[in-house]
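Here is what each chain is made of, one letter per residue.
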Amino acid sequence: MTEPSSAVDPREMETFRAAAADWWRPGGKFAPLHALGPSRMTFVRAEIEERFGRQSTGLTPFAGLRVADIGCGGGLLSEPLARLGAEVVGVDPLPESIAVAREHAAQQGLAIDYRVGEASGLPPESFDALVAMEVIEHTPNPAAFVVDCARLLRPGGVLLLSTINRTARAYALAIVGAEYVLNWLPRGTHRWEKFVTPAELEAACSAAGLASFRARGCVYNPLTGAWRLSSDCAVNYFGAASKTA
């Protein structure tokens, strides 16, 4: 019997529960995710626009597309997806995070369908795109998580993920540096042995019926404090794959 595929490790859930009130607080515990936001959206927008031929559709290129944001937290990615015209369903296992997400979306006048739950609880083949940013490394079974996500995609739909590579450099920067030296994240947010390599992610996508996998790195510039997309996937990276027809 396989482990629950989409459930976040209970110990790690407590870390996120303790920080839930900080999702939208400037300079709070999720400030690193706010800094990552522009690069994440650049990647997501480019992949969806290319794969669905939406490059020339004005201010709302995602209009008519149904998108799931798995592990949505306080809605940092759900809100820009909605502003681009998508019908967004945001899912997170923590009621505290969903409450924050709903309140903030209401303040912004955004209609986003937020739900407490996991990917495994959503109906199959109901989304054109699914994003799961900084989620897979917190699941007990990454390959099964990808299967759960692929099940939700319509034929031709796209899965977009971000995670951390399992390398010595990732341990030094994403754990020692980010959690213990710079205090960007609460200690215990990540465990190195749960990081996923691009080759492992590609294999999981292929096994789940997803093709055309590609990975793109994301690197931090300590001089400017900004993140940018890169060919360097040694630490943070994005992955994208499409469901075969």
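Residues numbered from 1 in each chain as written. Predicted model: local features only at pLDDT ≥ 70, side-chain atom pairs only at ≥ 80, totals over all residues. Heavy atoms only, no water.

*Asks:* Which parts of the structure should I look at to understand the pairing of strand β7 (residues 226–230)?
*Replies:* Along a regular strand, successive side chains alternate from one face of the sheet to the other. One ladder, built from 5 bridges, connects strand β6 (residues 210–221) with β7; its direction is antiparallel. The residue of β7 that forms the bridge with Y220 is W227. Count of turn residues in the β6/β7 antiparallel hairpin: 4 residues, of which G225 carries a positive phi of about 75 degrees. (Pairing = 2+ DSSP bridges. Helix = DSSP H or I, 4+ residues; strand = E, 2+ residues; numbered from the N terminus.)

*Asks:* Sorry, what's going on with the pattern of salt bridges here?
*Replies:* Pairing of side chains with opposite charge becomes possible as their charged atoms draw close. Under the criterion given, the structure shown has 12 salt bridges. In this structure, K243 and E125 form a salt bridge, with 3.8 Å as the shortest nitrogen-oxygen distance. A residue pair is termed long-range when its members are at least 10 positions apart, and K243 in strand β8 (residues 236–243) and E125 in the loop between β3 (113–116) and β4 (127–133) qualify at 118 residues. Three or more residues joined by partner-sharing salt bridges are found here, namely E47, E50, R51 and R214. (Salt bridge = Lys/Arg side-chain N within 4 Å of Asp/Glu carboxyl O.)

*Asks:* Would you mind showing me how to read the pairing of β4 here?
*Replies:* The element β4 is largely enclosed, with a buried count of 7 among its 7 residues. In this sheet, β4 lies alongside strand β1 (residues 66–70) in parallel orientation, the contact comprising 3 bridges. When the bridges of β4 are listed, V67 appears paired with A129. Here β4 runs beside strand β5 (residues 153–164); their pairing, made up of 6 bridges, is parallel. Looking at the pairing, M133 lines up with S162 of β5. Handedness of the crossover is the feature at issue here: the chain leaves β4, passes through helix α5 (residues 142–152), returns alongside β5, and the resulting connection is right-handed. (Buried < 20%, exposed > 50% of the residue type's maximum accessible area, 1.4 Å probe, protein only. Right-handed = clockwise from strand over helix to strand, strands pointing away.)

*Asks:* Just to check I follow, could you spell out helix α4 (residues 95–108) for this structure?
*Replies:* Owing to its 3.6 residues per turn, the α-helix brings residues three or four apart onto one side. The terminal C-alpha atoms of α4 lie 20 Å apart, and with 14 residues this matches the ideal 20 Å at 1.5 Å per residue to within 8%. Considered for burial, the residues of α4 that qualify are S97, I98, V100, A101, H104 and A105. An end-on view of α4 places all buried positions within 160 degrees of arc, on one side of the element. Residues of α4 that are exposed and point over 90 degrees away from its buried face: E103, A106 and Q107. Along its buried surface, α4 packs onto α3 (78–83), β2 (87–92) and β3. (Expected span 1.5 Å × (residues − 1). Arc of directions from axis to C-beta. Contact = heavy atoms within 4.5 Å.)

*Asks:* For this particular structure, what's the right way to read unusual backbone geometry?
*Replies:* Apart from glycine, the bulk of residues carry a negative phi angle, and the bulk of peptide bonds sit in the trans form. The phi dihedral of E134 is positive, around 55 degrees, even though this residue is not glycine. Locating E134 in the fold gives a position in the loop between β4 and α5. The class for E134 is buried, based on a relative accessible area of 16%. Even without being a glycine, S212 presents a positive backbone phi close to 55 degrees.

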